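Working through the structure, step by step
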Amino acid sequence: MTEPLLTINKLDAAYGPVQVLFGVDMEVYRGEIVAIIGPNGAGKSTVIKAVVGLLKSRSGQIVFDGRDIIRLPAHAVPRLGIGYVPQGRIVFSHMTVTDNLEMGAFLIKDREQRRRSVDAVFAQFPRLHERRQQAAGSLSGGEQQMLAIGRAMMLDPQLIILDEPSLGLSPKYVEQIFEQLEELKAQGRTLLMVEQNAARALTLSDRGYVLELGRNRFHDTGRALLADKAVRELYLGGR
Amino acid sequence: MHLLEPVLLLQFLVSGLLAGALYALLACGLNLVFGVMRVINLAHAELMLAGAFLTYVLYAWAGIHPLLAFFLVLPALFGAGFYLQRLVVERVVGKGELQSLLLTYGLSIILINTGLLIFASDFKAIPELQGALIVGDIAISKPRTAAALLAIALTLGVYHFLKHARLGKAIRAVAEHPDVAMLCGIDVVRMRMFTFGLAAAMAGAAGVMLTMIYSFSPETGADFILKCFAIIIIGGMGNFIGALYGGLLLGVAEIFVAGFVSSQWAEAVAYVLLILILLIRPTGLKGAADVT
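Just so it is clear, the structure is predicted and the values come from calculations on it, not from any experiment. (Residues numbered from 1 in each chain as written. Chains lettered and ligands numbered in written order. Predicted model: local features only at pLDDT ≥ 70, side-chain atom pairs only at ≥ 80, totals over all residues.)

Moving on: the overall build of chain B. From N to C terminus, chain B includes 12 helices and two strands. If you list the helices and strands of chain B from N to C, you get α-α-α-α-β-β-α-α-α-α-α-α-α-α. Counting only C-alpha atoms, chain B reaches 65 × 50 × 35 Å along its principal axes. Residue burial in chain B is summarised as follows: out of 292 residues, 52% are buried. (Helix = DSSP H or I, 4+ residues; strand = E, 2+ residues; numbered from the N terminus. Buried ≥ 20, exposed ≤ 12 C-beta atoms within 10 Å, placed from the backbone.)

Right, let's talk about the overall build of chain A for a bit. Along its length, chain A carries 10 helices and 10 strands. Here the C-alpha radius of gyration of chain A, 17 Å, is about what a compact globule of 239 residues would show, namely 18 Å. In terms of overall dimensions, chain A has a C-alpha envelope of 50 × 40 × 40 Å along the principal axes. Per-residue burial for chain A yields a buried fraction of 44% across its 239 residues. A fraction of 65% describes how many contacts in chain A between residues 6 or more apart in sequence connect residues 24 or more apart. (Rg over C-alpha atoms; globule rule 2.2 N^0.38 Å. Contact = placed C-beta atoms within 7 Å.)

The subject of this paragraph is the pairing of strand β10 (residues 215-221) of chain A. Residue and element names in this part refer to chain A. In the sheet, strand β9 (residues 207-212) pairs with β10 via six bridges, with the strands oriented antiparallel. Along β10, the bridge assignment pairs Leu211 with Asn216. Hairpin connection between β9 and β10: a loop of two residues separates the two successive antiparallel strands, and Leu213 in this loop has a positive phi of roughly 50°. (Pairing = 2+ DSSP bridges.)

The subject of this paragraph is helix α3 (residues 97-104) of chain A. In terms of residue burial, α3(A) counts as a mostly covered element, since seven of its eight residues are buried. Every buried residue belonging to α3(A) is among A:Val97, A:Asp99, A:Asn100, A:Leu101, A:Glu102, A:Met103 and A:Gly104, and all of these are buried. Check the buried side of α3(A) and you find it contacts α4 (111-124), α5 (126-130) and α6 (141-152) of chain A together with α6 (166-176) of chain B.

In a beta sheet, neighbouring strands pair by backbone hydrogen bonds and run either parallel or antiparallel. Residue and element names in this part refer to chain A. Taken together, six strands build an open sheet; the order of strands is β6-β7-β8-β3-β9-β10 and the sheet is mixed. Two strands in the sheet have a free side with no partner beyond their single neighbour: β6 (82-85) and β10. Pairs of neighbouring strands in the sheet enclose a mean axial angle of 15°, with direction left out of account. Running over the sheet, helix α1 (residues 44-52) touches β3 (33-37), β6, β7 (159-163), β8 (190-194) and β9 and is turned about 140° from β7. (Axes fitted to C-alpha atoms, helices over the stretch in contact; angles between N-to-C directions.)

Residues and elements named next belong to chain A. Taken in spatial order, the four strands line up as β2-β1-β4-β5 in an open sheet, and their pairing is antiparallel. Two strands bound the open sheet, and with one partner strand each, they are β2 (18-28) and β5 (67-68). Bridging between strand β1 (residues 6-15) and strand β4 (residues 58-64) involves six bridges; their strand directions are antiparallel. Following the sheet pairing, Ile8 is matched in β4 by Ile62.

Listed per partner, the contact involves 20 residues of chain A and 17 residues of chain B. Looking at the side of chain A that touches chain B, the elements with two or more residues in it are α2 (77-80) and α3 of chain A. Residues belonging to the side of chain A that touches chain B are distributed by class as follows: 13 nonpolar, four polar and three charged. (Nonpolar A, V, L, I, M, F, W, Y, C, P; charged D, E, K, R; others polar.)

Time to look at the environment of B:Ile109. As for its placement among the helices and strands, B:Ile109 is situated in helix α4 (residues 97-119). The sequence separation of B:Ile109 and B:Ala19 amounts to 90 residues, and the corresponding C-alpha distance is 27 Å.

This next bit is on unusual backbone geometry. Phi is positive for A:Lys10, close to 50°, though the residue is something other than glycine. Topologically, A:Lys10 is positioned in strand β1. Given 12 C-beta atoms within 10 Å, A:Lys10 falls into the exposed group. With phi around 60°, B:Ala120 is a residue other than glycine that occupies positive phi space. With respect to the element layout, B:Ala120 can be found in the loop between α4 and β1 (132-135). Owing to 10 C-beta atoms within 10 Å, B:Ala120 belongs among the exposed residues under this scheme.

Below, the structure written as structure tokens:
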């Protein structure tokens, strides 16, 4: 089997004095969609924050594309080919939609090249193109999430990491966001996501990891986890 | 002459705008730092005086004209601000108001006393640019006009930079969501160094202008910093262009009060405006939401 794109090996992480993750292991292969699910406080988002460098207090190994990145500061991570969609559809609300996307391509110094990157994202999200001159803060929740995803795609990353993409969105927009994730899957992109809507996430995903209290609990294909009795009772509302 | 003569009102307005431009330049830098990193820099007016004394030294020792000194003082203060941020101020970013107030208060004390040690507390002035232009029926002071035009040009230039340049937008991104900015590949620490350097350069430029229109001592900063606080609250906390409006408004209001009432009352104008704004529109003229 080929090497994984991302390997998380015995990851410990803490918020100040409080340890949140205890030896978490995970792998993401190219072209795969991987979901991290689990109850509140399991440390799902913490895994993501540790991988992208927003959480400094961490130890273990995080190997991306053959390189251990655990010591890298967060601002060095995008250059490696990791796109990040933060929790809570965070956009730069006073800037236009176009400027938000340009920030996603901050590392591209050449203006023409940046514009091409913006156009590519507009082609994928025509709705954003319609709103390109609007302040991002004036968009609907679903559009803001679309913009956050578009911003993460500006550097054409090898891996897109999403933290709770459907959190706080109305059902109509949840539907839209999952359609977009389907679309990304169809394009063969590699996704790692944390999602509280576990059933939807596992249906979309190739594989899933269940975390509990900061430790690996279950790990299987999305379909197998959906069918698993214990997982269903514990995390999927017993359906 | 009657006080309500249109000519006189115009004279007041022009004089007020000229005086306000210096306030605006100084307050914009203060507000930029606050907007980007939520640090209130109590040493901001001392950075202006650093610029003023540097100009004075260049003039007294090397005979360099203040308008030329501008081109030396600006980069010097930018560099000083850049490294001040890296070595000292960065440590208190995100640590709450008290820490940043204590730190910058300490900085201002160090700067004032260094100034007193070197220059004593005598007032200095550079009598280089003098005289007035007569336009129609009003007189416009030459040094004040030069200073005001430079101040406005610089303020609008920085505004344009923040609004449209790639780096300027990155600074605004850091101000709003530092974590997300980081994961756009923006080195937020470096952006804050750049921001503080920019604010210090603006303060330094205000210092160059100060030498052209006022006499000054190492202790002159206190009058200015208090007015600057009033200005940024009047204009909108953290809003760059709001400080421009607030500064011009204060300059004009002071001159009118000095003309119609007395120059002693003019000193109180900043605080009366401050109270009025807090009563009528607590977010300031421009609101406090964005850096620009």
